[in-house]
Amino acid sequence: MILTVTPNPSLDRTYEVPSLDRGEVIRATGERMDPGGKGVNVSRAVAAAGQRTVAVLPLGGAPGALVADLLDAQGIEVAPVPVAGATRSNIALAESDGVLTKINAPGPELSAAEQELLLETVREQSRDADWIACCGSLPRGLAPSWYADVVARAHAGGARIALDTSGRALLEALRARPDVVKPNAEELAEAVGRPLSTVGDAVKAAEELREMGARAVLASLGADGQLLVDDAGAWFASARVDVVRSNVGAGDSSLAGFLIAGGSGPAALASAVAHGAAAVQLPGSVMPAPGDLDMAAVTVTAEVPLDRVLKEPVS
Ligand SMILES: O=P(O)(O)OC[C@@]1(O)O[C@H](CO)[C@@H](O)[C@@H]1O
């Protein structure tokens, strides 16, 4: 079973707009609502693949009730933690030329009792988990060391941990030795404190994260592909994508693909890339089903193209 933990979930609202004109009333040509937050998306993709998953998440207020209804309609098993504050609503503005602007709200502040209940729920649900995926930003109230604590507890209980977060929460959790961390290029650059302009720069940064405690690093390099660096070496994978519709949740879909395929080695990397490529071709944060995947479009190599200049360098 794959347990996901999303301490700061969201109601994701996507508006399709012709273009973003500041200071104007913009009439949307389309809208959609998805249950969101990175771990929630991982659960949605794992469930779409037919594997068992449980999503732990605090839920509060009317948006929280809506997130619960949307997850129920998708058949996702949820272990909710009721909280007094309202679950946040995150907005994505998708322009017709493919540019996407996202506004992520801070979310409610969790009281000491709610924090305790969240930890207790994670502990209870961890019993039959093979993997625990801890994903996304931390809401106000949770200390930056929160994920580090969850990693240590999960290891004590025998589960493996995948972590997708950034900034201080990531740096602090590295010390607890998560089994895999999944930064994107910006998060990787921020973690090592220097820019990334080539695939080789990303490999060096991933190796540094391993020295800081991560057992494996699955790094998404946007349109360039993905990188896996672990004890056995480094692999690079990419996939052909015809039309990008929305990259919201593509990283979450990748992480789900990686875990579904066992969570280590080149076959899991190929699955991660296939899931990410399928997700960007779907609207909003729709997660791919097995029929959406094109494994034949994925190439994986141990000959990492170190000198390749990134299409989206991080300065
Ligand atoms: O604010 P965070 O927790 O970093 O990210 C939240 C979020 O942007 O991540 C998901 C896409 O990865 C969305 O469903 C959600 O709105």
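Computed from a predicted structure; not experimentally measured. (Residues numbered from 1 in each chain as written. Predicted model: local features only at pLDDT ≥ 70, side-chain atom pairs only at ≥ 80, totals over all residues. Heavy atoms only, no water.)

Caption draft 1: Region of interest: the side chain of T121. Tracing the backbone through its elements, the reader meets T121 in helix α3 (residues 112–125). Apart from the residues lying within four places of it in its own chain, the contact partners of T121 are V56, A79 and V81. (Helix = DSSP H or I, 4+ residues; strand = E, 2+ residues; numbered from the N terminus. Contact = heavy atoms within 4.5 Å.)

Caption draft 2: Fine view of the domain arrangement of the chain. Entries for the chain in the domain assignment read domain 1 (1–178) and domain 2 (182–314). Taken over C-alpha atoms, the centre of domain 1 sits 20 Å from the centre of domain 2. Taken together, the 33 residues of domain 1 in the interface contact 29 residues of domain 2. When the buried area of domain 1 at its contact with domain 2 is split by residue, D164, L174 and R177 rank highest and sum to 19% of it. (Domains from an automatic or database assignment. Buried area = accessible area lost by both parts, 1.4 Å probe.)

Caption draft 3: Summary view of the pattern of salt bridges. Summed over all chains, the structure comprises 12 salt bridges. The salt bridge partner of D231 is R210, with a shortest N-O separation of 3.2 Å. Taken together, the residues span a long stretch of sequence, with D231 in the loop between β13 (226–230) and β14 (233–239) and R210 in helix α7 (residues 199–211) at a distance of 21 residues. Measuring nitrogen to oxygen at the nearest pair gives 3.6 Å for the salt bridge that ties D294 to R240. Of this pair, D294 sits in the loop between α9 (265–280) and β15 (298–301) while R240 sits in the loop between β14 and α8 (250–260), placing them 54 residues apart in sequence. (Salt bridge = Lys/Arg side-chain N within 4 Å of Asp/Glu carboxyl O.)

Caption draft 4: Main features of the packing of aromatic side chains. Considering all chains together, one arrives at one aromatic pair under this definition. Ring centres of W146 and Y147 lie 5.7 Å apart, and the angle between their planes is 65 degrees; on these two criteria the pair is classed as edge-to-face. Given the relative accessible area of 7%, W146 is considered buried. (Phe/Tyr/Trp six-rings, centres within 6.5 Å; stacked < 30°, edge-to-face > 60°. Buried < 20%, exposed > 50% of the residue type's maximum accessible area, 1.4 Å probe, protein only.)

Caption draft 5: A look at the nonpolar core. I132, W146, L196 and L227 are the most contacted members of the largest nonpolar core, which totals 54 residues. Mapping this core onto the domain boundaries places at least three of its residues in each of domain 1 (1–178) and domain 2 (182–314). Beyond its immediate chain neighbours, meaning those up to four positions away, W146 contacts V5, P7, L118, L119 and L138. With 26 residues, the next largest nonpolar core counts W235, A237, L255 and A270 among its residues. (Core = buried A, V, L, I, M, F, W, Y, C linked by side-chain atoms within 4.5 Å.)

Caption draft 6: Focus on the confidence of the model for the chain. Mean pLDDT over the chain: 96, with 100% of residues reaching 70 or higher. For this predicted complex, the interface confidence reaches an ipTM of 0.99, while the overall pTM sits at 0.97. (pLDDT = per-residue confidence, 0-100.)

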